[in-house]
Amino acid sequence: MTESQFPQCRVVPLRMLKPETSERYLNEVVKVEGIRRMMVNGPSIPAVVPYGPARGSPNPNSNRRTIKVGDATMELRVQVGSITFEVEDAGVIEEIRKVTNAFFTQFPAQVLEGKFMKTEASLVDYCRYGPNADPSVIGLVDPRRKEAPVIIQGRK
Amino acid sequence: MAYTPQYGPGTSIVAENRRKQMNPNYKLEKVRDVTDEDVVLILGHRAPGSAYPTAHPPLAEQQEPDCPIRKIVKPTEGAKAGDRVRYIQFADSMFNAPSQPYQRTYMEMYRFRGIDPGTLSGRQIVECRERDLEQYAKMLIETEVFDPALVSCRGATVHGHSLRLAEDGMMFDMLQRCVLKDGVVKYVKDQIGEPLDREVSVGKPMDDAWVKAHSTIFHSLAGVAFRDDKEYVEYIQRIHALRTKYGFMPKEE
């Protein structure tokens, strides 16, 4: 279980990001040392049309693609709207803020401090997912998902 | 003295635009050209060039009951021919889209005949006979009530009107029905998300100044704040007070 004292922050750009911009930003930000967990949020882009008359037909979308962060590849399933970080200490947030302010020049981005991820499983999580749920993803995604979290190493 | 409708209160540009759109005597400014075939493709109800499928025989070929209302009301072209009832639905971004669901319904009720609009928070659908719909849709896409980036034809999966815009200024669309290519917005899917055989161009997104000057949405961050329009606030407060008082069913002693 994650310790509750780890600080968290969320980066919210004024516009939603293209996969190319997200890739460039994430590659900048992962160079900051001391990031424990990172979560990319945004509205979902499904692979097939989920409802309506065209339900079930494929949904080609240029915003849904695989990006490479560090040496890890991940499939973006959302249009990136915000990125949440859990970091080792408050100094890391300042580093993230510096990188963010330097990166977003066309439009601004806010760096919010607060608590954005669950730090321990709640009773509801226990009822839903049982005692063997992966603690690193509790409160972030459905722990029953088959895909494991991406581990980013080889920061340059 | 003949009655002149005021259409709505307010002194701001937003209020003025709302009145303009509602007033059937005001000719909406034509901003772009879209062909009839393009409209049919975006709607996706029938193949371009094919005959209109019918729901009943043309009125001229059937016996109509003896009804005084039918004598007064002239049928629209679509109703005369017995067309099916079909729809177009729009989602309007909250970031200064030139129209919005309630506004669309008011506008269409003043301007069009034989329609059945449905108003929701983030989308507005209008149903009518197919051949009338194509005319109305063409007008709704070609004139100042449409912006290629901030308004989009979405029959289903409409989510996006309240989200931040994308980097290129387009409203989020899960199905990416339209894409920005070389500065021009092109529909690559019809309104329900079925891929089109060819791209349908609906013109360039309008610039910021135009969008602000043609907005019908109050937005304290992106445009005109509602509270800055004193007359509008006064009117809304009056309606609110009257409705609330009426809720108590006041009686005169």
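Look a little higher up for the structure.
Residues numbered from 1 in each chain as written. Chains lettered and ligands numbered in written order. Predicted model: local features only at pLDDT ≥ 70, side-chain atom pairs only at ≥ 80, totals over all residues. Heavy atoms only, no water.

(A) Focus on the overall build of chain A. Along its length, chain A carries three helices and six strands. Sequence-ordered secondary structure for chain A, helices as α and strands as β, is β-α-β-β-β-β-α-β-α. Its C-alpha atoms give chain A a radius of gyration of 17 Å, within 12% of the compact-globule value 15 Å for 156 residues. Principal axes of the C-alpha set define a box for chain A whose edges measure 50 × 45 × 30 Å. Scored against the burial criterion, the 156 residues of chain A give a buried share of 42%. In chain A, of all internal contacts separated by at least 6 residues, the share reaching a separation of at least 24 is 74%. When the accessible surface of chain A is summed, it comes to about 8,700 Å², and 50% of that surface belongs to carbon and sulfur atoms. Here chain A contributes 22 positive and 18 negative side-chain charges, whose respective centroids are spaced 8 Å apart. (Helix = DSSP H or I, 4+ residues; strand = E, 2+ residues; numbered from the N terminus. Rg over C-alpha atoms; globule rule 2.2 N^0.38 Å. Buried < 20%, exposed > 50% of the residue type's maximum accessible area, 1.4 Å probe, protein only. Contact = heavy atoms within 4.5 Å. Areas by Shrake-Rupley, 256 points an atom, 1.4 Å probe, with all protein chains shown as cover. Lys, Arg positive; Asp, Glu negative; His and termini not counted. Charge placed at Lys NZ, Arg CZ, Asp CG, Glu CD.)

(B) Examining the interface of chain A and chain B more closely. Between chain A and chain B, the contact holds 28 residues from the first and 19 residues from the second. Between chain A and chain B, roughly 1,900 Å² of surface is buried when both sides are summed, and carbon and sulfur atoms account for 56% of that area. Counting the contacts that link chain A with chain B gives zero salt bridges. Viewed at the interface, chain B and chain A are joined by 13 residue pairs in polar contact (both at pLDDT 80 or more). Here the side of chain A that touches chain B is built from residues that sort into 15 nonpolar, eleven polar and two charged. (Buried area = accessible area lost by both parts, 1.4 Å probe. Salt bridge = Lys/Arg side-chain N within 4 Å of Asp/Glu carboxyl O. Polar contact = N/O pair within 3.5 Å; in protein donor to acceptor, adjacent residues only side chain to side chain. Nonpolar A, V, L, I, M, F, W, Y, C, P; charged D, E, K, R; others polar.)

Coordinates in, geometry out; function isn't part of it.
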